[in-house]
Each structure stands twice: as C-alpha cells, then as structure tokens.
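Inside the fold
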Amino acid sequence: MAETADPAKIQILKDALYTEARQHGSESRLFTQKDLTDLNVIPNDNVILLLLVVQALCDDKLFVATSHQSGLAWRWRSREDAKKYTSLPNDETMLVYSVIDEAGADGIWNRTIKHKLNMHEAVVKNCIKYLETQRYIEGMKNVEHPNKKMYIKANLRPSDRATGGPWFTEGELDTAFITELQNIVFEYIKKQSAYLGSQGGHRDAGASRVPKKGTIRGAAPEAGESSRGVKRAATEISNDDQPSPSAKAATENGTGATTTARSKAKMVFLPMPAGYKSYPTVSEIAKLIHATGITNNTTLGEADIQQLVDVLTFDGLVEPITVNGRKGYRVTRASKQDTVSFAKRQKDREAGIGLDEPPNGVQPSSNGLTEAPCGRCPVFELCEEGGPVSPSNCVYFLRWLGLDDTRSGPV
Amino acid sequence: MLVTKYLAELCSLLIDDLYGELPSRIFAALLLRGRSSLPELCNYTSMSARQLRHGLAVLHQHNLLFYQVDSYNGVATYEANAEHAYNLIRAGKILEMIDTSFGAPAKDVMQSLLLSGQTRIGDLVAAYQDKIDHVNKAAKAVKDETSEWDEPNGTTDETVAEKRPDLAVKSTNQLNAVICRLVEAELIDVVHSKTFQTSFDIYKAVEKEVMDTHFPGGPRGGKAKVELQQKVAEGLRKVRDESKSLKRKLDQNGTQAKRRKLLFSGGPSNGVKDEHEEADSDPVLDSKQVIRINYEKCLVDLRNRRLVQFATDMIGPTTAYVYGVFLGLLTKRVSRCRLDPEIDITEDDSQGRGYVTTDEILDNLKTSIDLSLGLGKAPRTEISSKAAEKILEDPPKKRRFIEEAEVDGNASADESDDEGGSDTDHSDSDHDHKGPATNGTKVKFADSAKEQRLDRPALLRQHLLLLAESTQRFVRHCGHNDWTVDFVPLMRTMRESELDVVIERTSGREGLRLVRILRSKGKLDEKALPNVALMRKAEIQQKMLEMQTAGFVDIQEVPRDNKADVKKSFFLWFCDSDRSLRRLLDNSYKTMLRCIQVLEVLRQKDKDVLMLTKRSDVRGQEKDVMEKVYYDRYSRFLANEKKLFAQIMRIDDLVSLIRDY
C-alpha cells in the first residue's frame, strides 16, 4: 500500500483529476466525493488515494473545499488564481484574500472580514494593505451602505446589487438620467396610446344645450399632420360647417367660448376606441429606447424599463390596460394632455420657459380643500378661536381674498 | 352619522346664519349633550322654557330635530339631526340642480320649501295663490290704464307672464303639476309620524313589534335569528316607504302621469295651453299632506352630476354627456346613494331592474349632440371587438378590493395576471354562446365604417364601451345591449382619486408616487421603497415623514425577536386610505367652518356699511344712493362673500363624495 503514496504518481493523478474536473464544469460547480470518483481518474475508486490527491490539490490552492448538504464538496480554482494564493507571504494574508474572494462580486466590508477571521484589526489592515499594493483586491462602494469600506477582488466588476443597477452612476442615483428617460417614455406612450384630433368645444355636459357640431373642422393640412391620416370623414363635415363658425355654440359657458374661439388651431388627444389592440407594451418601449441609442453606455433590460413604466404608473401618468391578454400602457386623462411636441418643449426648457411646470403630464387637478387657504395652511392644527392663530386674525385668508392688511377697511 | 367637534360647530353656525341665534344655541346644546328633555335643556342653556319652546319649534319646522315621547311618563326628549343641519349648506347646489333638470318653476317651489321647512300642501298653495293674486292685481291696475282686454284668466296670466317674468309659478294648477313632478322624481316626500324618530328608535320599535308577534319566546337558533333580521328589515323598509305614499298614489293613475309628462316636456314655458290641459289631467293633491325635501334622492342626482364631472376629467366631455344621460336613466329608481346595512340585507326588488339598454339611452340623447366628437380613430384591424365587447355579468367581487389593500409583495403582478386570464376566458365563453349577435354588429361596423363615419347607435356604443373599458370602471357591460354601474367600487375609486389630488397638491408628485406604491404593494420596508420609486433614500425619508405628519401614511414597528431591539426591528410603511379620508373629512369640516367664521369677521369689519344697506330707502338702489367709498366697500364685501360661499360649496363636493355618495 505504501507505494500508492508515491509523490510522482500523486502528481500525475493530481494533474489528471484537475483537468478532468475543469472539463466537467465551471468554477462554481461543486464536486462531491462521488462526483470525483466517477471521473474515473483514481484507479479502483481508491478512497485513500483520492483523499491524498485532493489534499494535495487543496494545498496547491487548486481545489477549494466547501460544505455541501451531503458533507464536504470541492470546486476547482484556476491556476492563475491559485498562483496568487501561493505567492502570498503568510497565512493571514491568504485567509483575508480567500474571504474577499468568496464574497465575489458583492464585495465585503472590512469589519466583516475581521469578524469572520477573528483576527486583530492591525493584522487585517496590514494584509489588506499588502493585497491592495499587489493589486489583488481593490476598494469599492456599495449603494446600499455608502459609508462602509468594502473590498472586492481586483478583476471583478461589482454586482448590480452593489452598484444599484443601471440607475446609479458612481454610487449615486442618477435622477437627471431617470427623469429624462421618463419623459421620453411618457411621450412615447402618449403619442402611441391616444389619437391626436380635433374636438368640439368643452361643454359641461347637461349644462348647455346648443349644437356643437360647428367645431369639427380639422382642415386638410392638419389632418395630414396627425400621424394617422384616417380622418377623411371629419374633413367632409367640416367643409359645410366652415361658413358658420359656431359663434352660436359659444354662448353658454366660458370654457366653451374660449375653446371655440381658439379652435382653429386646437388639437387635442382623444381616447382610443375600446378594444384598441396596439397600446405600447414594455418590450416595445424597450426596443424604442434601444433603437434610439439614448443610453449608449448603459444597457437597459426590459425589467429596467418595466421599473420606469411602473413609476410612471404610480405617478398616475399612465395606466396599464390589458386587451386580449396583451398588457399595454396608455396615457391617463388623454383629452387633458397638451399637444406641444416634445422637441419644442425641450427647446423651451432650454430657453428657460415652463421650467416650473411638471415636465410631463397634466397639472394636478385640485379640489375645494386644496384651494382654500386652510388646505395649505402650515398652522392648520393650531388654528382655534381664541388661540394664537384664529379665523379672526388669519392673514392667509386676507391675502387669499385680496384684502391685505394695508387695505383692510378703516378702523 | 359621526359628529365631530368641527362638524358640530359648523352645524350650529349654519343654523345661526339661517335661522338665528336662538335655535342655533339650542342645537349646539343638543349636539353637545345628546338626547335631552325640556327641563334638561333649560339647565344646559340657562334659557326659559318659553324661549326654548320657540327655538325647538323652529328647529322642528326645518326637520333639524328628532324627538321621542316616552310612552310611560309622556315626557318628550329631543335630539339634534346633524345630517339635515349639514344639508342646509347644500341648498344652493340642490336648487341649481333642480333648475337645470326641472326648470325654473320647480326651483321656485323647492326654494319655498327650503325657506319654510316642511309645509302642508294647502298652505303652500295658499301662499302661492296670494302671490299670484297680488301680481295679478298689480298687472290689472297697469292694464286698466292702457288696454281694453278683459278676458278670463288664461290671457291675464299670459300678460302677467310678459310683464313680470320673475314670477316662476303662474297658477295654482301649475304649482300642483310641479309638485306632482317633484314627488314622482322622489325629490319631495311626505312627512309622517316616524320622520322625527331617530333611526335607532325606529329600529328598536320595529324589532320589539316583530319580537312580540313572531318570536314571543325570543329567537332560538341561527335560523330564527336570520329570520328575525329579515322580518325587522322588512318592517324598517315599510317605515321607510311610508314617506313615498304620495308617490305611490300618483303612480297608480300612471297613464295620466305619463300624459302630463309628455305635455310638460313639450314646453314648460309657453304658459296658457299647458295649464288648461294639466288641469284636466293632474290629480289634485290632498291639501292636508305635509311635504318636505327628500335630501337622500337629491344626493343621488348630485352624485350623478359629480360622476359626469369626473368622467369629463378622465375621458372627455362628449363621453361624459352620454354618461350623464345614462346615469339619469339608471338612477330613476334609485332612492339613495348608500344602502342601509340593516334594511337592505335582502335583494331589493323595489329598485327594479338595475340596467339600462342602449336603445333607451339613444332615445334620451339630445339630437344636437354630435357623438362623433371625443373619440379617437384607429384602423379596424387594430381594434379587437371581442375585447371591447367583453361582457361582465357579475359585479366585481368584493374580495379583490380587500386583497388589493392587504396583500403585499407581488400582489399587483398577480392581480393583473389573474385579470388577464379570467377576462380572456370569460370573453371567449361569452363569445361562444352569443355568437350570432356579435357577428351582426361586426358586419354593421364593417359596412358603415368603411367609407363614412359610424351611424349614431354605433357611435353611442363606442362611447359606452370606452366608459366600460376605463380603469375607473365607469360602466359595466352586463349584457349585449345592457349597461349598468357598480356604484360601490366606482365611488371608492373616485374617493381614492380625490385623496390623490390632495396628496399631490400637498406632497407633490413624489409623495403621490410613494403613497400609490404602498397602496398597491401593501406594507413595505423602508429599504424596499427607493428601489421601486427610483428616488434617493434621503428624499424618501423626508417625504415619508412629511406625509406621516399630514396623515397620509403611517409606520409600523415589527420586532425581529422577543427582545424587541429597536435597531433590529423592521419598520414598515403603510397607507390606510380610509383613515386618511376620515381625517380629510374632518379637515374639510374645519375648513368650511373657518370660511364661515372669516365671513363673519368680514361682516363685523364692514358692519357700518351693511347696516346702511338694510335701510329700506337704500335697499335695492345701493349704487345710486350710497356714497362711493361706502358702495365700494359694500361691493367688495359682496364679492368676498361670494368667493367664500363658492369655496364652501366646492369643499362640500369633497365632503359629500367622502361621506354620502
């Protein structure tokens, strides 16, 4: 039995087992004892021989022993990596390096290293310093814990979890990037999910009873302008209505009057008929983003776009709609959306116009409460008759009513 | 109804504004102390019994009071009717609604009813007779001077109408007709003995009666309990329907009613002819009946208007108009917005069928409306008529709405999957068993859509389908040509969207985003939020704290183990919409209260001017008589008053949405 321990033989077996293991799987595959014997390298399935060979491989850092649910298991390590290990000056450094190595792309916190190895802080520090100068490891930043000093193996790219995915640039959430992308996505959905057409004067339904048909006109050039030129019928009607430009229609309410007065150029978005099948889906949006090449140095997957669209949904700007099991998105409150083209708005914003308006979507609607001074009052909770703030000395109300203190009646 | 501090103050201020201080003080005392007898009230208010009786009479006249006479000792106890007190604020809105849907005469009658509280029909007729006589006399005086006509009533009325267009009701016959119409629309109902009892008292009385007659030994077992509940509900419904007695009577000679309606819609304004024929057809109302305004039904109509407004905002005016017509038809037989859990436990047959057909809507649309407006156009190949015509026979299950709020994690994904799956299933099966019908419409579509625009019924259908497809679920397509509305989930959606408006206005779009994330995902750890919202962590923390103070979101601490170490605990954010809405409601009361109080302050400030305008020689000709400085102050005051009242009305929109619809 003694000759089985022959070093030359073991060397051969070692090389054979190592190459065979590399053939059978990637660096992350775990080999159990049975897997190794099944590789048919060790003659006669000799367990003791196997033990010796594996031990030798482990000593050379070519195999890494790990625990597995059925006991011990091993995975192989590349020769270059193994070389790094063997070139390290002492065991401590080796341990530190192995811990960092195991942490992989997520990186590891230096205090975790200390805890895991139960070593003195100075020792760990020394080791890290050595490893860093050797360029075996490097420091990194994790978005989840921006204040922790983390280390990662030098040749690895930090994982998405550590960098925060495509939305982060150098550990910071890139809000400008996100906002711009959101604007583009929103604009695309708006264009694709609503029909740009003309609409009669707004009427408070039920309040006015005047005929409103005078307001359809959509003269030929404009109909052509709208992306789908399906609107022939409307042009026909408009022609015979043209001579009587709906002055009559504009009687009852103010909004009606203004709309019809401006209706010459008034185009609005109209909701698509029910059952419309071509509301843009996430994958279509992703394709668009990809095709335009806006994000040249970041790749955005469908999941990332989904995240973006979800945010728009939560903002109440778009809504999901399922038609025949196809989940598309459409703009909310289509008829209230402005029809200014995206390019023009961009130009305006660069020129400093409309910067205080929300970048996309309509102005939020309001109700009685939010408009009254009390709805926005910072001291609403304190307001009490006889208290420091009370209805009788309320300055907000006076300002709201246009009665500044200077003007409020003579004493 | 839950009466909060601010609501109580608001109610007594309103009564103060309309009926004076005496009833207001009594009302405030009743709200504060609860049910009280006269001697107790004497104690609380330190007023004499005589004064109190006067005040109580006023309150009673305007239905602001409940009372109950103890059957043993004959002592009457009084309780405040806060609901009706709050309704006073809506008077203007109700009048405006009546004006647009029933015309000026009806508005005039309603106004008289509002001013005088519940009234005997006889008294109302007499009052109007007086007014008409007065005007007639004046007209006659004018006429005697100028012309030689001396014809019977009809012509006189006509000239009167010409001379004095502000007199809305021109004869007692017309008055009678107007009242009949309003009664039929349930906007006016009859006062009966139980009107002045609280719902609790009525419940107790009915329960006692049922117990005595059916279960002398008390109900035994589960079955008997259910039976008891049903019997009580039946009894309660009988009490409730008592106020509809007049309407029932009118319904019985239905043919006449129909004839009158046809005539009436022909033209309420061209006086003479109508009146004569109405006189033939109208049943004369019992002059001893006491009538009052039925706020419950008014609320149903106000709700319709509100929904139309919402649809205008969400979809577009033309579609909203169609929706308005449809709602009008649908709610004809709906007498209240919210069903009473005690009364309406069983299926209510009296409401009639709960849907409207396409043809009915078509018949009621104004011919002047162009239905081709407000609809987008798409090539026919892009439209799936199968998906559009999807029929949902059953109202949405309640479970889903609870789930939406409670389930965490992948709830949204689940839900949408589920929806997609079941929907397609559903439409498939529907498609199968009503195949020919759908095909029929399809062919029609094809023919008419090819060259020309769609014909009118098809356009109407498009609008209805659009409403049915909306995420708000304005309409449910419940049969091939039948449409209905599930009010409960729809109002819930509307309430949420109103809450969203407030959140967006106070905390910005980011705040709204966070709240809606929480609403769809349930409780979320603070660490999970930045990823979903795509916002910076610090920003989120700040926003969340801000919104927690405002009461839109809240936080829950969940310890990891028994030691409840704060550092290790989870902190979960959540949003409880109902709680936020309750808080919003109370804030609304407070805001309305402040508006009225500010108005009072302004009144005090310009007291001297206002006193001046009360003088009889100034009244009506303020501009000519008053000095310019004074007149300017006066008109400024009026403008501010108008602004404040308009604001109160708008806040009331919110209150009624949260509380009543």
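In this text, all values refer to a predicted model and were calculated from it rather than measured experimentally.

The next point concerns the overall build of chain A. A tally of regular secondary structure across chain A gives 17 helices and 11 strands. Burial analysis of chain A (411 residues in total) assigns 44% to the buried set. Total accessible area on chain A stands at roughly 21,700 Å², and carbon and sulfur atoms take up 52% of it.

For the structure shown, the criterion picks out 42 salt bridges over all chains. Between A:Arg333 and B:Asp313 there is a salt bridge whose closest N-O contact spans 3.1 Å. Residue A:Arg333 is found in the loop between strand S11 (326-331) and helix H15 (342-351), and its partner B:Asp313 is found in helix H16 (residues 295-314); the two belong to separate chains. You'll find A:Arg333 and B:Asp313 in the same group, each marked buried. For B:Glu296, the salt bridge goes to B:Arg336, with nearest N and O atoms at 3.4 Å. Residue B:Glu296 is located in helix H16, and its partner B:Arg336 is located in the loop between helix H17 (317-330) and strand S7 (356-357); the two are separated by 40 residues in the primary sequence.

Attention shifts here to the sheet that holds strand S4 (residues 119-120) of chain B. Residue and element names in this part refer to chain B. Ordered in space as S4-S6-S5, the 3 strands form an open sheet in which the pairing is antiparallel. The two strands at the open ends of the sheet, each matched to only one other strand, are S4 and strand S5 (188-190). Looking at chain direction, S5 and strand S6 (residues 290-293) are connected through 3 bridges and run antiparallel. Across the sheet, Ile188 pairs through a bridge with Ile293, a residue of S6. Across the sheet, helix H7 (residues 104-116) lies against S4, S5 and S6, angled at about 100° from S6, the strand it touches most.

The next point concerns the packing of aromatic side chains. For any pair of aromatic rings, the description rests on two quantities: the centre-to-centre distance and the angle between the ring planes. This model, assessed by the stated rule, comprises 11 aromatic pairs over all chains. Seen in terms of ring centroids, A:Tyr276 and A:Tyr279 are 5.0 Å apart; in terms of plane orientation they differ by 80°. Their pairing is edge-to-face. Relative to B:Tyr589, the ring of B:Tyr86 has its centre 6.0 Å away and its plane inclined at 70°; by these criteria the two rings are edge-to-face. Here the residue B:Tyr86 occupies a position in helix H5 (residues 82-87), and B:Tyr589 occupies one in helix H27 (residues 577-605), the gap between them amounting to 503 residues. Looking at B:Tyr86, the relative accessible area reads 0%, which means it is buried. Residue B:Tyr589 is classed as buried on the basis of its relative accessible area of 2%. Every member of this aromatic cluster is reached through a ring pair, and the members are B:Phe310, B:Tyr323, B:Phe326 and B:Phe474. Directly above the ring of B:Phe487 sits B:Arg303, whose terminal nitrogen or CZ lies 3.8 Å from the centroid.

For any part of a model where pLDDT is low, the fine detail of the predicted coordinates should not be relied upon. On average, chain A scores 73 in pLDDT, and the residues at 70 or more come to 76%. Across residues 201-265 of chain A the pLDDT falls below 50, and counting only partners more than four positions away or on other chains, this stretch makes 90 contacts in the model.

Turning next to the nonpolar core. Residues and elements named next belong to chain B. Core analysis: the largest hydrophobic core is formed by 77 residues, its most contacted members being Leu10, Leu529 and Met544. Of the residues forming this core, the biggest block, 11 residues, is contributed by H27. Met544 has contacts with Leu514, Leu518, Leu529, Val553 and Trp573, leaving out every residue within four places of it along the chain. With 76 residues, the next largest nonpolar core counts Leu329, Leu466, Leu490 and Tyr661 among its residues.

Here the focus is the interface of chain A and chain B. Listed per partner, the contact involves 85 residues of chain A and 85 residues of chain B. Carbon and sulfur atoms make up 57% of the area that chain A and chain B hide from each other, which totals about 7,500 Å². Taken together, chain A and chain B are joined by 6 salt bridges. For the salt bridge of B:Arg583 with A:Glu381, the shortest nitrogen-to-oxygen distance reads 3.7 Å. The tally of links from chain A across to chain B stands at 15 residue pairs in polar contact (both at pLDDT 80 or more). Across the side of chain A that touches chain B, the residue classes break down as 39 nonpolar, 26 polar and 20 charged.

What follows deals with the packing of helix H11 (residues 199-214) of chain B against helix H12 (residues 221-242) of chain B. In helix packing, the relevant descriptors are the interaxial angle and the interaxial distance, both defined with respect to the helix axes. Residues and elements named next belong to chain B. Taken N-terminus to C-terminus, the directions of H11 and H12 make an angle of 125°; their axes are 9 Å apart at the nearest point. The orientation of H11 with respect to H12, classified from their angle, is oblique. Viewed along their axes, H11 and H12 form a crossing whose handedness is right-handed. Between H11 and H12, the contacting residues are Ile202, Tyr203, Val206, Glu207, Val210, Met211 and His214 on the first element and Leu228, Lys231, Val232, Gly235, Leu236 and Val239 on the second. Partitioning the contact of H11 with H12 into residue classes produces 9 nonpolar, 2 polar and 2 charged.

This part is about the packing of helix H6 (residues 91-102) of chain B against H7(B). Residue and element names in this part refer to chain B. The geometry of H6 relative to H7 is characterised by a closest axis approach of 7 Å and an angle of 155° between their N-to-C directions. For the element pair H6 / H7, the angle class is roughly antiparallel. Judged by the sense of rotation from one axis to the other, the crossing of H6 with H7 is right-handed. Together, Ala91, Ile94, Leu95, Ile98, Asp99 and Phe102 of H6 and Ala104, Ala106, Lys107, Met110, Gln111 and Leu114 of H7 make up the contact between the two elements.

With that settled, the discussion passes to the environment of B:Glu539. All names here are of chain B. Within the secondary structure layout, Glu539 lies in helix H26 (residues 537-550). Residue classification places Glu539 among the partly exposed residues on the basis of a relative accessible area of 32%. Along the sequence, Glu539 and Glu510 sit 29 residues apart, while their C-alpha atoms lie 9.3 Å from each other.

Here we come to the confidence of the model for chain B. Residue and element names in this part refer to chain B. A residue-level look at chain B finds 80% of positions with pLDDT of 70 or above and a mean pLDDT of 78. Least confident of the elements in chain B is helix H21 (residues 411-433), whose mean pLDDT is 37; most confident is helix H2 (residues 21-33), at 91. This model gives residues 148-165 a pLDDT under 50, and the stretch forms 18 contacts once residues within four places in sequence are excluded.

Time to look at H12(B). Helical geometry note: an α-helix holds 3.6 residues per turn, so side chains three or four residues apart project in the same direction. Residues and elements named next belong to chain B. Look at H12: 32 Å from first C-alpha to last across 22 residues, which is about the 32 Å you get at 1.5 Å a residue. Turning to H12, its buried residues number three or more, namely Ala224, Leu228, Val232, Ala233, Gly235, Leu236, Arg237, Val239 and Arg240. Against the buried residues of H12 lie H11.

What follows is about the side chain of B:His477. All names here are of chain B. Note on placement: His477 falls in strand S8 (residues 476-479). Taking the relative accessible area as the measure of exposure, His477 reaches 3% and is therefore buried. Looking at His477, its side chain comes within polar contact range of the main-chain oxygen of His480, at 3.1 Å. Excluding residues that lie within four positions of it along the chain, His477 makes contacts with Glu389, Lys390, Ile391, Leu392, Arg461, Leu465, Ala468, Asp482 and Trp483.

Picture the strands of a sheet paired through backbone hydrogen bonds; they go either parallel or antiparallel. All names here are of chain B. Read from one edge of the open sheet, 3 strands run S7-S9-S8, paired in antiparallel fashion. Every interior strand has two partners, whereas the edge strands, S7 and S8, have only one. In terms of strand pairing, S8 meets strand S9 (residues 482-484) through 3 bridges, oriented antiparallel. Counted as the bridge partner of Gly479 is Asp482 from S9. Lying on the sheet, helix H23 (residues 456-469) is in contact with S8 and S9; it crosses S9 at an angle near 40°.

On to unusual backbone geometry, then. All names here are of chain B. Positive phi, close to 45°, is recorded for Ser46, a residue that is not glycine. With respect to the secondary-structure elements, Ser46 resides in the loop between helix H3 (38-45) and helix H4 (49-61). According to the relative accessible area criterion, Ser46 is exposed, its value standing at 68%. Here Arg473, not a glycine, exhibits a phi torsion of approximately 60°, which is positive. On the secondary structure map, Arg473 appears in the loop between H23 and S8.

Another aspect to go through is the environment of A:Gly165. With respect to the element layout, A:Gly165 can be found in the loop between helix H8 (160-163) and strand S6 (168-169). Spatially, the C-alpha atoms of A:Gly165 and A:Val143 are 9.7 Å apart, while their sequence positions differ by 22 residues.

Quick look at the side chain of B:Glu469 now. Here B:Glu469 shows up in helix H23. Residue B:Glu469 is classed as buried on the basis of its relative accessible area of 13%. A polar side-chain atom of B:Glu469 sits 2.8 Å from the main-chain amide nitrogen of A:Gly275. Those residues in contact with B:Glu469 that lie beyond four places of it in its chain are A:Ala274, A:Gly275, A:Tyr276, A:Tyr279, A:Ile321, A:Val323 and A:Arg330.

Residue and element names in this part refer to chain B. With respect to the helices and strands, Asp201 occurs in helix H11. For Asp201, a relative accessible area of 9% gives the class buried. Each C-alpha atom, one on Asp201 and one on Gln68, is 8.0 Å from the other, the two residues being 133 residues apart in sequence. Residue contacts for Asp201: discarding those within four places in its chain leaves Arg35 and Gln68.

Rules used throughout
Residues numbered from 1 in each chain as written. Chains lettered and ligands numbered in written order. Predicted model: local features only at pLDDT ≥ 70, side-chain atom pairs only at ≥ 80, totals over all residues. Heavy atoms only, no water. Helix = DSSP H or I, 4+ residues; strand = E, 2+ residues; numbered from the N terminus. Buried < 20%, exposed > 50% of the residue type's maximum accessible area, 1.4 Å probe, protein only. Areas by Shrake-Rupley, 256 points an atom, 1.4 Å probe, with all protein chains shown as cover. Salt bridge = Lys/Arg side-chain N within 4 Å of Asp/Glu carboxyl O. Pairing = 2+ DSSP bridges. Contact = heavy atoms within 4.5 Å. Axes fitted to C-alpha atoms, helices over the stretch in contact; angles between N-to-C directions. Phe/Tyr/Trp six-rings, centres within 6.5 Å; stacked < 30°, edge-to-face > 60°. Lys NZ or Arg CZ within 6 Å of the ring centre and 35° of its normal. pLDDT = per-residue confidence, 0-100. Core = buried A, V, L, I, M, F, W, Y, C linked by side-chain atoms within 4.5 Å. Buried area = accessible area lost by both parts, 1.4 Å probe. Polar contact = N/O pair within 3.5 Å; in protein donor to acceptor, adjacent residues only side chain to side chain. Nonpolar A, V, L, I, M, F, W, Y, C, P; charged D, E, K, R; others polar. Parallel < 35°, antiparallel > 145°, perpendicular 65-115°, else oblique. Left-handed = near helix turned anticlockwise from the far one by under 90°. Expected span 1.5 Å × (residues − 1).

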